[in-house]
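# Examination of the molecular architecture
Each chain, written out:
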Amino acid sequence: MELEPAVTSAPPTAAPTAEAPAQAPAKLEPPGAPGSRLRRLYEWADERLGLTELRKFAAKKTVPEHRHAFWYYWGGISLFLFIVQVLTGVLLLVYFRPGPEAYDSVRRITYEIHFGWLVRSAHSWSANLMVFAVFVHMFSAGLMKAYRKPREFTWWSGVVLLLLTLGFGFSGYLLTWDEVAYFGTKVGIEVAEKTPVLGRPYANLLRGGPDVNENTLQRFFALHVVIFPLLFMPVLVLHLWLVSKHGNAVPPSEEAKPAARRKSVPFFPNFMMKDLAMWLIALNVIAIFASFFPWQLGSQADPLKPAPVGIHPEWYFMSSFQVLKIFGDWFPGAAGEMFGMAVFTLGLGLWFLLPLFDPSSKNGRRARLATYFILFALAVLVVTTVWGYLAL
Ligand code: HEM
């Protein structure tokens, strides 16, 4: 059945702002000719489900259009990749067994179960792509100054989503229990342990003792499939509700234009179709990576063996790993790494507080400082990641 929203053909309207409210949407006609089967079916469903209300809401929602609008797709791409994670994760759960059989169950999924390799490969590639998409989305939202009033809670809920996304990656990595996963996690937790005050008790809680062993695997499993999803879902709902409530922010260069010169397109169906096209591209990227570069499984972890040379965490933790190494070289002993973790914690705190530091839409000194801070964080992230790989 086709819906024919009357706004589809409407020319782009000015972005809704305090000075220039959104144009009233044209009257919504029900689909089909009067008396036709389609019209009657629609009216039957409308009476019970309130479809016209939904269409009115969708028709009112607009998305600004300007030369930076490309960055609006990245939140949606992150969302799509999260959905892929849930679907492939549930399929993996059918055969995955936590505990002493973890490695064997992953080996079966990879080599014996029909298409098991593909589902596992898609889950792993999509996890990495999701982290990448979330980073792109966060930095672009930051540079568009989308954290400013009234979007402070959108930013704060986003920071929580970022931390949970990284948590998903970290906890999922260990579950295969192969050599690289085991030693990578061991190193990762040892790094977090250096955080002043809370590091040691937190690391012991995570490991279930002083060493990474089966207790750790069980805890990571609980985090990965129960606790993190339970935390992620309500924060995601809040994030999306806030986006829908406040609409998309426009970057300062657009805001400076007179309201009459700003353009926007209806969300439904115009922007949603483009969003879906992006999702299709993302699905193709996953399919290409997952089938041409299937995710590998190393040999089973042996905690008694020495760590293989060049062991390192996942690429998205490489930056923190390298920064700690640098601090460790500058200030030998535990002091260097502790100092490094303190700097990290401070950096994250400042990142969280950004909306309070730069709340106004006037482009003054604070706005410039906030932009420099975001660019500096991006540069540190990229340079230390590359440096980390070169130094292996
Ligand atoms: C799994 C993680 C995330 C998902 C699924 C997600 C999803 C979305 C979606 C669908 C949108 C609307 C489309 C858009 O503007 O891109 C959005 C907007 C937004 N997100 Fe996220 N997001 C995530 C993480 C983050 C992070 C880490 C931050 C920043 C710390 C953040 C900050 C924002 C802001 C400020 C907006 C409003 C943008 C605007 O008004 O233009 N999000 N998010």
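The rules behind the values
Residues numbered from 1 in each chain as written. Predicted model: local features only at pLDDT ≥ 70, side-chain atom pairs only at ≥ 80, totals over all residues. Helix = DSSP H or I, 4+ residues; strand = E, 2+ residues; numbered from the N terminus. Buried ≥ 20, exposed ≤ 12 C-beta atoms within 10 Å, placed from the backbone. Contact = placed C-beta atoms within 7 Å. Near = placed C-beta within 6 Å. Nonpolar A, V, L, I, M, F, W, Y, C, P; charged D, E, K, R; others polar. Axes fitted to C-alpha atoms, helices over the stretch in contact; angles between N-to-C directions. Parallel < 35°, antiparallel > 145°, perpendicular 65-115°, else oblique. Left-handed = near helix turned anticlockwise from the far one by under 90°. Expected span 1.5 Å × (residues − 1). Bend = angle between axes of the 7 residues up to and from the residue. Core = buried A, V, L, I, M, F, W, Y, C linked by C-beta atoms within 7 Å.

Below, the discussion takes up the overall build of the protein. Scanning the protein for helices and strands turns up 14 helices and two strands. Each principal axis of the C-alpha atoms in the protein carries an extent, and together these give about 75 × 55 × 35 Å. Here the protein holds 392 residues, and 32% of them are scored as buried. Across the protein, contacts joining residues at least 24 apart in sequence account for 76% of those joining residues at least 6 apart.

It is worth spelling out the site of the ligand at this point. Around the ligand there are 27 residues in total, and Gly 75, Gly 158, Leu 162, Asn 248 and Ala 249 lie nearest to it. Looking at the shell around the ligand, the elements that each hand over two or more residues are helix H3 (73–95), helix H5 (116–143), helix H6 (152–174) and helix H9 (214–246). For the shell around the ligand, the element with the highest residue contribution is H6, accounting for seven residues. Of the residues contributing to the shell around the ligand, the split by class is 17 nonpolar, nine polar and one charged.

Attention now moves to the environment of Gly 199. With respect to the helices and strands, the residue Gly 199 is situated in helix H8 (residues 199–207). Separated by 122 residues in the primary sequence, Gly 199 and Phe 321 have C-alpha atoms spaced 15 Å apart. If near-sequence neighbours (up to four positions away) are discounted, Gly 199 is found in contact with Ala 192, Glu 193, Lys 194 and Met 341.

So, on to the packing of H6 against H9. Running from N to C, H6 and H9 cross one another at 155°; their axes reach a closest spacing of 8 Å. The angle between H6 and H9 places the two elements in the roughly antiparallel class. Read as a crossing pair, H6 and H9 show a hand that is left-handed. Here the residues of the contact of H6 with H9 are counted per class, giving 17 nonpolar, ten polar and no charged.

Bringing unusual backbone geometry into the picture now. The step from Lys 149 to Pro 150 runs through a cis peptide bond, and the omega angle for that step is 5°. Of note, the amide linkage connecting Phe 268 to Pro 269 takes the cis form, showing an omega dihedral of 0°. Secondary-structure assignment places Pro 269 in helix H11 (residues 267–292). Residues other than glycine seldom take positive phi values, yet Phe 115 does so here, at roughly 60°. Within the secondary structure layout, Phe 115 lies in the loop between helix H4 (102–111) and H5. In the Ramachandran plot, Lys 145 falls in the positive-phi region, its phi being about 60° despite a non-glycine side chain. Note that Lys 145 resides in the loop between H5 and H6.

On to the packing of helix H12 (residues 315–330) against helix H13 (residues 334–357). Two numbers describe how H12 lies on H13: the axes approach to 7 Å, and their chain directions differ by 135°. With respect to each other, H12 and H13 are oriented oblique. With respect to the hand of their crossing, H12 and H13 are arranged in right-handed fashion. Note on element contacts: H13 touches H12 through Gly 336, Glu 337, Phe 339, Gly 340 and Phe 344, opposite Ser 320, Val 323, Leu 324, Phe 327, Gly 328 and Trp 330. Residue classes in the contact of H12 with H13 are distributed as six nonpolar, four polar and one charged.

Time to look at H13. Over its 24 residues, H13 runs 33 Å from end to end, which matches the ideal 34 Å to within 8%, given 1.5 Å per residue. At Trp 351, H13 shows its maximal bend, which comes to roughly 35°, and the proline Pro 355 appears one to four places after that position. Buried residues of H13: Glu 337, Met 338, Gly 340, Met 341, Leu 354 and Pro 355, and no others.

Summarising the element assignment, Trp 44 is placed in helix H1 (residues 37–49). In sequence terms Trp 44 and Val 235 are 191 residues apart; their C-alpha atoms lie 35 Å from each other.

Helix length check: H9, at 33 residues, gives a terminal C-alpha distance of 46 Å against a target of 48 Å (1.5 Å per residue), a fit within 8%. Along H9, the helix axis deviates most sharply at Leu 223, where the bend reaches about 45°. In the core, the buried residues of H9 are packed alongside H3, H4, H6 and H8. Two residues or fewer after H9 comes Gly 247, characterised by a positive phi angle close to 75°.

This paragraph deals with the nonpolar core. Counting residues in hydrophobic clusters, the biggest one holds 60 residues, and the most contacted among them are Leu 81, Met 130 and Trp 177. Mapped onto this core, the elements with two or more residues apiece are H3, H4, H5, H6, helix H7 (179–192), H9, H11 and helix H14 (365–390). For this core, the element with the highest residue contribution is H5, accounting for eleven residues. Discounting residues that sit within four places of it in the chain, Met 130 has contacts with Ser 78, Leu 81, Phe 82, Gln 85 and Thr 165. In this structure, Val 191, Phe 317, Met 318 and Val 323 belong to the second largest nonpolar core, which totals seven residues.

Turning to the environment of Tyr 372, a few remarks are in order. Structurally, the position occupied by Tyr 372 is in helix H14. Sequence-wise, Tyr 372 and Leu 143 are 229 residues apart; in three dimensions their C-alpha atoms are separated by 9.6 Å.

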